[in-house]
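Examining the three-dimensional arrangement
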Amino acid sequence: MAISNPSSKTAELLALEREYCSFGDTVHYLEPPKVFVNCEGSFLYDETGTPYLDLQMWYSAASFGYKNPRLNAALKRQLDRLPQLACQYLHAEKVEVAARIAQYCARRFGVKGRVHFNVGGSQAIEDSLKLVRNYTGKNLMFAFMGGYHGRTLGASAITSSYRYRRRYGHFGDRAHFVFYPYCFRCMYGLKRDSCELYCEKQFEKLFDSEYHSVWDPKAQSSEFAAFYFEALQGTGGYIIPPREYFVRLREFCNQHNILLVDDEIQMGFYRTGKFWAVENLGITPDIIVFGKALTNGLNPLSGIWAREELITPELFPPGSTHSTFSSNTLGTAVALETLKMLEEEDYEKLVNEKGAYLLAGLRELQRRHPGIIGQVDGLGMALRIEVSKGDSVTPDRELTDRIFAGGLKGDLEAGGRKYGLVLDVGGYYKNVFTLSPSFTITREEMDLGIELLDQLFRRCRAV
Ligand SMILES: Cc1ncc(COP(=O)(O)O)c(C=O)c1O
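Below or above, wherever it landed, is the structure these notes cover. Remember, it's a predicted structure, so these values are computed and weren't measured experimentally. (Residues numbered from 1 in each chain as written. Predicted model: local features only at pLDDT ≥ 70, side-chain atom pairs only at ≥ 80, totals over all residues. Heavy atoms only, no water.)

1. Let's talk about the pattern of salt bridges
A pair can form between side chains of opposite charge whenever their charged atoms are brought close. Rules: Whenever a carboxyl oxygen of Asp or Glu lies within 4 Å of a side-chain nitrogen of Lys or Arg, that contact is scored as a salt bridge. Helix numbering and strand numbering both begin at the N terminus, where a helix is a DSSP run of H or I of at least 4 residues and a strand a DSSP run of E of at least 2. The cut-offs for exposure are 20% and 50% of the maximum accessible area for each residue type, with area from a 1.4 Å probe on protein chains only; residues under the lower value are buried, those over the upper are exposed, and the others partly exposed.
Going through the model one piece at a time under the given rule, you end up with 28 salt bridges. The closest approach of N and O atoms between Arg185 and Glu386, which form a salt bridge, is 2.7 Å. Taken together, the positions of Arg185 in the loop between strand S6 (176–178) and helix H8 (192–195) and Glu386 in strand S14 (residues 382–387) put the pair 201 residues apart, joining distant regions of the chain. Each member of the pair Arg185 and Glu386 is classed as buried. Linking Arg368 and Asp454 is a salt bridge whose minimum nitrogen-to-oxygen distance equals 2.8 Å. Here Arg368, found in helix H13 (residues 347–368), pairs with Asp454, found in helix H15 (residues 443–461); they are 86 residues apart in sequence, far enough to count as distant.

2. Section: the packing of aromatic side chains
For clarity, the threshold we go by: The criterion for an aromatic pair is that two Phe, Tyr or Trp rings (for Trp, the six-membered ring) have centres within 6.5 Å, with stacked assigned to planes under 30 degrees apart, edge-to-face to planes over 60 apart and tilted to the rest. Two thresholds decide whether a charge sits over a ring: the Lys NZ or Arg CZ must be within 6 Å of the ring centre and within 35 degrees of the ring normal.
Counted by the stated rule, this structure contains 36 aromatic pairs. Judged by centre distance (4.2 Å) and plane angle (25°), the ring pair of Tyr104 and Phe275 falls under stacked. Taken as a pair, Tyr104 in helix H5 (residues 92–109) and Phe275 in the loop between strand S10 (259–263) and strand S11 (287–290) lie far apart in primary sequence, 171 residues in all. The positively charged end of Lys34 is found above the aromatic ring belonging to Phe36, 6.0 Å away from the centroid. One Lys or Arg, Arg151, reaches over the ring of Tyr164 and ends 3.9 Å from the middle of that ring.

3. Focus: the side chain of Glu386
Applied cut-off: For this analysis, a polar contact is any N or O atom pair within 3.5 Å, provided that within protein one partner can donate a hydrogen and the other can accept it, and provided that sequence-adjacent residues contribute only side-chain to side-chain pairs. Any two residues whose heavy atoms approach within 4.5 Å at even a single point are treated as in contact.
Residue Glu386 is classed as buried on the basis of its relative accessible area of 0%. Reaching out from Glu386, the side chain makes a polar contact with the side chain of Tyr182 at a distance of 2.5 Å. There is a polar contact of 2.9 Å between the side chain of Glu386 and the side chain of Arg384. Discounting residues that sit within four places of it in the chain, Glu386 has contacts with Tyr182, Phe184, Arg185, Ile372, Ile373, Gly374, Gln375, Asn431 and Val432.

4. Some points on H15
To keep it simple, the criterion reads: Expected span of a helix, by definition, is 1.5 Å for each gap between consecutive residues, and there is one gap fewer than residues.
Between its first and last C-alpha, H15 extends 27 Å over 19 residues, near the 27 Å set by a 1.5 Å rise per residue. Every buried residue belonging to H15 is among Glu445, Met446, Leu448, Gly449, Ile450, Leu452, Leu453, Asp454, Gln455, Leu456, Phe457 and Cys460, and all of these are buried.

5. Here we look at helix H4 (residues 69–81)
Our working definition: The arc under discussion is defined with respect to the helix axis, by the directions toward the C-beta atoms.
Relative to the 18 Å expected for 13 residues at 1.5 Å per residue, H4 spans 18 Å between its end C-alpha atoms, a close match to the ideal helical length. What H4 keeps buried is the set Leu71, Asn72, Ala74, Leu75 and Gln78. Down the axis of H4, the buried set is contained in an arc of 155°. They therefore lie on one face. Of the exposed residues in H4, those oriented more than 90 degrees away from the buried face are Pro69, Lys76, Asp80 and Arg81. Here the buried face of H4 lies against H5 and helix H12 (329–344). The opening residue of H4 is Asn68, an N-cap whose side-chain oxygen sits 3.0 Å from the backbone nitrogen of Arg70.

6. Side note on the nonpolar core
Note the following rule: Working definition of a nonpolar core: buried Ala, Val, Leu, Ile, Met, Phe, Trp, Tyr and Cys residues. They are joined through side-chain atoms within 4.5 Å. Domain start and end points were adopted from an automatic or database domain assignment.
By size, the foremost hydrophobic cluster in this structure holds 110 residues, and its most contacted members are Phe142, Phe227, Trp276, Leu362, Ile385, Phe433 and Phe457. Considering every element that reaches this core, the biggest residue donor is H15, with eight residues. Residue contributions to this core reach at least three from each of two domains, namely domain 1 (36–67 + 347–461) and domain 2 (71–344). For Leu362, the residues in contact, after removing those within four places along its chain, are Val376, Leu383, Arg384, Ile385, Leu435, Ile450 and Leu453. With 24 residues, the next largest nonpolar core counts Ala225, Val261, Ile287 and Ile304 among its residues.

7. Some details on the sheet that holds strand S13 (residues 373–379)
The following threshold applies: The pairing criterion for strands is at least two bridges between them, as found by DSSP. Simply put, an axis is a line fit to the C-alpha atoms, just over the touching stretch for a helix, and the angle between two N-to-C directions goes from 0 to 180 degrees.
Strand order in the open sheet made by the four strands is S13-S14-S18-S17, with antiparallel pairing throughout. The outermost strands of the open sheet, each flanked by one partner alone, are S13 and strand S17 (425–426). H13 rests against S13, S14 and strand S18 (432–435) of the sheet, and its axis sits at about 175° to S13.

8. Some words on the site of the ligand
To be explicit about the condition: Any residue with a heavy atom positioned within 4 Å of a molecule or strand is treated as near that molecule or strand. The protein chains shown are the only cover counted for residues, whose accessible areas, like all others here, come from Shrake-Rupley with a 1.4 Å probe. Polar here means any residue other than Ala, Val, Leu, Ile, Met, Phe, Trp, Tyr, Cys and Pro, which are nonpolar, and Asp, Glu, Lys and Arg, which are charged; Gly is therefore polar.
Around the ligand, the neighbouring residues are Gly120, Gly121, Ser122, Tyr148, His149, Gly150, Glu230, Asp263, Ile265, Gln266 and Lys292. Interatomic distance of 2.8 Å between a backbone N/O atom of Gly121 and an oxygen atom of the ligand. Contacts to the ligand include Tyr148, whose backbone N or O atom sits 3.2 Å from a nitrogen atom. Protein coverage of the free-state accessible area of the ligand, which is 390 Å², stands at 80%. Split by residue class, the shell around the ligand holds two nonpolar, six polar and three charged.

In structure tokens:
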């Protein structure tokens with residue numbers, strides 16, 4: 001989709017944006033921000049028609065590929081049938097999506113539950129906070145350092161980054177943040193093969209004495225209601241935790257009446273090779289929060305699944321939460337099609353096979369850039385590249401930024417064609433490329449991704 005005079009059109013757009021758009025939501029991580037005009041499959045296109053291979057797919061919101069024909073068709077059908085309906089009325093797709101998710105959880109975890117909808121991920125997090133407060137009568141939460149749960153006020157209070165809270169005053173219900181088992185950069189400088197999960201034991205120590213501030217041994221009661229976690233930290237840098245950590249945590253939280261709330265907003269719906277990422281950890285959470293990929297980035301839909309006991313209509317009655325657009329007909333129609341698609345094809349196999357292929361490519365890339373790529377790893381199609389300063393350890397944020405910006409220039413070359421590369425930067429030190437490619441990506445496209453990454457590492461290291 002080329003236009004005759006790309007630079008003047010873009011210049012005009014950017015000038016208007018600079019004057020009239022809040023930077024608070026559009027971020028401006030790159031100056032000037034990049035403009036795209038089209039998308040298809042694994043690619044975004046700029047105004048000159050240059051394809052940009054997208055290895056992050058809208059932070060995993062468009063997991064099933066841009067313009068996925070089946071999901072787009074579901075949206076179009078609903079657009080012609082029942083595109084609008086106030087939430088207090090029922091429509092079939094809402095009920096069917098809820099039933100399918102609840103039935104899946106019943107099969108997988110052996111637990112009866114219910115599903116509740118909202119629009120964005122943070123809103124669903126807010127709803128889950130209400131659910132927890134309502135059930136426990138408590139308002140304090142544990143959450144992990146490196147965790148990200150959104151930027152509405154309640155969600156910000158359990159999101160670890162101080163940068164996201166700093167300007168907005170005191171958050172009375174700010175979570176108590178706990179070290180995540182980030183074994184590559186162990187907070188205690190230990191090694192996984194000999195640590196015996198020291199970090200988990202440190203968490204348990206909080207409950208040793210009432211003077212550690214969270215536990216009343218006489219009443220056998222904690223001041224904390226729930227522990228929020230991501231089974232694989234997204235924004236934190238696609239950190240894959242040891243399964244045993246969470247097995248122990250689940251047991252400990254059970255013993256201390258602390259609910260486990262699993263944020264699957266970024267990792268749910270097969271990103272890690274399982275329907276829910278938490279299935280990799282072998283535990284059952286009390287609440288699951290989901291969003292993003294359920295509608296492949298089309299009309300947004302988020303929600304929560306919770307154990308019956310927590311969400312029973314007597315305890316969580318009509319009106320407990322509300323948003324005009326929650327359970328919207330367009331979103332639920334796409335969500336239903338997504339769930340049908342997931343049932344019809346073996347996504348566990350597909351995602352694990354493609355993820356293994358790409359991870360092998362990343363390992364080769366690491367061999368070509370020793371010390372600069374400190375670690376590569378992956379679970380399903382959630383993959384990570386740690387960029388370091390030649391010693392495999394010290395984070396190199398500057399190089400990461402240069403590679404990120406370099407990919408968006410759109411001047412890489414492969415097979416006689418110009419390409420760009422769309423990456424996402426995460427991690428505690430902003431030195432991790434968090435890769436979440438489309439599930440529809442082909443082997444040739446993955447090879448192309450490795451080739452473009454290699455070019456970028458070569459070019460940007462040389463600066
Ligand atoms: C794990 C996780 N939780 C919550 C959110 C917030 O979702 P939203 O941006 O839709 O509000 C995100 C978004 O990136 C996320 O990755």
